[in-house]
Amino acid sequence: CYVQSPLAGSAEGDSLLADLKVAFIYNFTRFIQWPEAPADQPFVIGVVGDPVMESRLRVLEQEARQVNGRPIAIHAYAYPGAPDCCEILFVGGAADAELEAIVRRTAGQPVLLVGDTPGYAGRGVAIELFRKPDVFRKTERLRLRIDPAALRERGQVISAQLYDVAEVMQ
């Protein structure tokens, strides 16, 4: 589940990396048990603190992607006061000062918190996306780190298949 990409820093590498993150987030929807919801209610992926990811995630809306028959809707949240309702919340680095408040605000709700800032797993974010250089340091692989405690706190059940391809925090 990890994908080779050019080293970040080049425009092509950064663009590809953002697209890979969107693909990962979309694929997470298939490996997590979501609460039942009416088919006409959108599956909301929220973004706070990362306008680039918001823009990239909008492709899922444009392509009319669905999760369990529900259309995907992307919502951008400003802080304070958000998010109010979403299934996945991508927390960008610009929201770092608000991370603790976001974790508290979404506590007990089945909101999958995902981020790409080093150290977010372990601070309440369930899945942290990160780059890892290959052995020759010519390319990077997009990897994921899972915090099982953050998942348990929200009552979320994740497929063993995702654990197989991730670094799992103890």
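You'll find the structure just up there.
The rules behind these values
Along each chain, residue indices are assigned from 1 in the same order as the chain's sequence is written. Reporting of local features is limited, given that this is a predicted model, to residues whose pLDDT is at least 70; pairs of side-chain atoms are given and counted only at 80 or more, and all residues count toward the totals for whole chains, interfaces and linings. Note that water and hydrogens are dropped before the side-chain values are worked out from all heavy atoms of the structure. Under the scheme used here, helices are H or I runs from DSSP no shorter than 4 residues and strands are E runs no shorter than 2 residues, and both carry numbers assigned from the N terminus. Categorising residues by exposure relies on relative accessible area from a 1.4 Å probe, with only protein chains included: less than 20% of the type maximum marks a residue as buried, more than 50% marks it as exposed, and the intermediate range marks it as partly exposed. Contacts described as polar in this section are N or O atom pairs within 3.5 Å, which, within protein, must combine one atom able to donate a hydrogen with one able to accept it, while residues neighboring in sequence count only if both atoms come from side chains. We call two residues contacting when some pair of their heavy atoms lies within 4.5 Å.

Colleague: Summarise unusual backbone geometry; cite the residues concerned and give the values.
Modeller: Here Ala-64, not a glycine, exhibits a phi torsion of approximately 55 degrees, which is positive. Within the fold, Ala-64 resides in the loop between helix 2 (51–62) and strand 3 (66–67). Relative accessible area serves as the criterion here: at 57%, Ala-64 is assigned to the exposed category. Backbone geometry places Asn-68, a non-glycine residue, at a positive phi of 50 degrees. Tracing the backbone through its elements, the reader meets Asn-68 in the loop between strand 3 and strand 4 (70–77).

Colleague: How would you sum up the side chain of Glu-87? Please name residues and give values.
Modeller: Structurally, the position occupied by Glu-87 is in the loop between strand 4 and strand 5 (88–91). Take Glu-87: its relative accessible area is 11%, and that puts it in the buried class. Here Arg-70 takes part through its side chain, which lies 2.9 Å from a polar atom of the side chain of Glu-87. Discounting residues that sit within four places of it in the chain, Glu-87 has contacts with Trp-34, Pro-42, Phe-43, Val-44, Arg-70, Pro-110, Val-111 and Leu-112.

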